[in-house]
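Each chain, letter by letter, is given below.
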Amino acid sequence: MTWEHSCKVAIAGVGFSNIERRTSTPLGSFAIDSARAAAQDAGIELSSIDGLATYPAAPFAGARNQDGRDVITPEFFLSSGLLPDVTWYSQAGAGLVATAMRDAVNALIAGACTYALVWRAMYAPPGVYGRARTRSFGGDEQFSGPWGVTGPVQWHALAYRRYLEQYGGDAESMAALVVNSRRNANLNDHAYFSDKEMSLDDYASARMISDPLRLFDCDVPVTACVAVILTTTERARHLRNPPALLASIGQQTVTNPPAVRYVVDDHIESGAPLCRQLWRDAGVGPSEIDAAQLYDGFSPSALYWLEAAGFCGRGEALDFVQGDTITLSGRLPVNTFGGSLSQGRLHGMGHIVEAVLQVTDRARRRQVDGADAVCVFDGSPMLRGGGMVIVRDR
Amino acid sequence: MSGRGTLFSWSTNFHSVLNAFDAAAPYLCVLVELVEQPGLILVSDFAGDPVENPGLRIGMPMQVAFQPTQDPHIVLPQFRVDLLDEDQA
């Protein structure tokens, strides 16, 4: 039985700010640029936006969470003077931007607003990303911090090492996924590495961060904001561009022992219930998906999503991404825009926008032929997040 | 607790994001599944060469060792390959 509200809400416009690294331009300026671009893309006045939703948290250690500087909350837009008619807003405290998207969908179905702006603003601070000072660990961290396991890259490295050992994979095989993403980014003007190519050798010779993860297995921190405008499908059909319909949307709700984030089976199994819900609600299965936008804050997450979603069997994802299968003309094009690895660390927002562009035939040089249904998975399967199936209007 | 377990996973960290670990990098973190209970996994580090980690493999027997810290009241467990058990295996 499909979701009763399947395809009743659509994404009507998308907008990017510039994508920069370290910059003296305030983050608020990036946010306003992306909102203006999204409104223009939808063909509406900026001031007709009356709903706001975001997941604002700055995801790096040492963030100050100062509005307009390293985060952009709804307060920022409410106090901007640009959006005088807002009737509804939401600030997601858990999950990622998929939660904010879900909130906006609910608000539109309930009639709480007519045009909802959903954005994700990311800030890359000066210096080494996520660098922090501490002399003590409390809470969950007391069981991992004292041994130097202090953040996501180490959780992922530990999980992925076991994956490689369990299934007999070779760390260098990941180059196929990472280089494919870079090729796609080279076809995308909205990518930090738009103009920079990468060879298999570039991947394999990059410095090790946390073995087996090398530099290009980690997404590139950027300062940028990406926004979308959601409205009802009925309303969206009268706007500038064809609507991209939300066939299903969901959140990852599996809980795991919070201190143990490095068990690979948990990564894959945590994603499976969300994937089942998305297929059921949309009334499509993995075989009907024309492209997959898979979260790749660290490259192994994309492999885990392939397995959690049923695109391949357990332990088969590293083989799956070899050859032509995931290229733009392959059986399942993956991260057709470059992924977070090559577009920039936009926390899944780039993945959502790309699904919209693909199902509306607006992906230009990287357009996948006949992209009728595209899935998005946001977050590494077990660290919250969510997903959606976005389809062409018929 | 017997202080024994098996190697569940490992990773050598070359990149320190915390000032407290700058001097330690590269350092080898391990996950050890304790023999007392399946799924009981401890985060620890490895008493051995972090870069050359010779022949580590999942399931190899591990034995706790205790390392003093700068704080005389705190002792942290770390693990080394359990050579006795390795010979018997």
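Structure's up top.
Presented here is an overview of the structure given in this document. Predicted model, so just to flag it, every value in this text is computed and none were measured.

1. Section: the overall build of chain B
When its secondary structure is counted, chain B shows one helix and five strands. For chain B, the α and β elements follow one another from N to C terminus as β-β-β-β-β-α. Counting all 89 residues of chain B, 44% fall into the buried class. The long-range share in chain B, meaning contacts at least 24 apart out of those at least 6 apart in sequence, stands at 49%. As displayed, chain B offers around 4,700 Å² of accessible surface, 57% of which is attributable to carbon and sulfur atoms.

2. Considering the pattern of salt bridges
Across all of its chains, the model carries 14 salt bridges over all chains by this definition. D22 of chain B serves as the salt-bridge partner of R131 of chain A, at 2.4 Å between the closest nitrogen and oxygen. With R131 of chain A in the loop between strand 4 (116–122) and helix 4 (152–167) and D22 of chain B in the loop between strand 1 (4–13) and strand 2 (27–34), the pair connects residues from two separate chains. By relative accessible area, which is 34% here, R131 of chain A ends up partly exposed. When the shortest N-O distance is used, the salt bridge between R161 of chain A and D211 of chain A registers 3.2 Å. Residue R161 of chain A is located in helix 4, and its partner D211 of chain A is located in the loop between strand 5 (208–210) and strand 6 (213–214); the two are separated by 50 residues in the primary sequence. Overall, the relative accessible area of 13% leaves R161 of chain A in the buried class. What you see here is one network of salt bridges that share partners, running through D361, D372, R392 and R394 of chain A.

3. Things to note about the packing of helix 4 of chain A against helix 9 (residues 300–308) of chain A
Residue and element names in this part refer to chain A. The geometry of helix 4 relative to helix 9 is characterised by a closest axis approach of 10 Å and an angle of 55° between their N-to-C directions. Comparing their axes, helix 9 and helix 4 come out oblique. Taken as a pair, helix 4 and helix 9 cross one another with a handedness that is left-handed. On helix 9, the residues that touch H156, A159, Y160 and Y163 of helix 4 are P300, S301, L303, Y304 and E307.

4. Remarks on helix 5 (residues 175–185) of chain A
Residue and element names in this part refer to chain A. Counting buried positions along helix 5 gives ten out of eleven residues, so the element sits mostly inside the fold. Residues of helix 5 that are buried: A175, A176, L177, V178, V179, N180, S181, R182, N184 and A185. Tucked into the core, helix 5 has its buried residues touching helix 6 (200–205), helix 9 and helix 11 (339–343).

Parameters and conventions
Residues numbered from 1 in each chain as written. Chains lettered and ligands numbered in written order. Predicted model: local features only at pLDDT ≥ 70, side-chain atom pairs only at ≥ 80, totals over all residues. Heavy atoms only, no water. Helix = DSSP H or I, 4+ residues; strand = E, 2+ residues; numbered from the N terminus. Buried < 20%, exposed > 50% of the residue type's maximum accessible area, 1.4 Å probe, protein only. Contact = heavy atoms within 4.5 Å. Areas by Shrake-Rupley, 256 points an atom, 1.4 Å probe, with all protein chains shown as cover. Salt bridge = Lys/Arg side-chain N within 4 Å of Asp/Glu carboxyl O. Axes fitted to C-alpha atoms, helices over the stretch in contact; angles between N-to-C directions. Parallel < 35°, antiparallel > 145°, perpendicular 65-115°, else oblique. Left-handed = near helix turned anticlockwise from the far one by under 90°.

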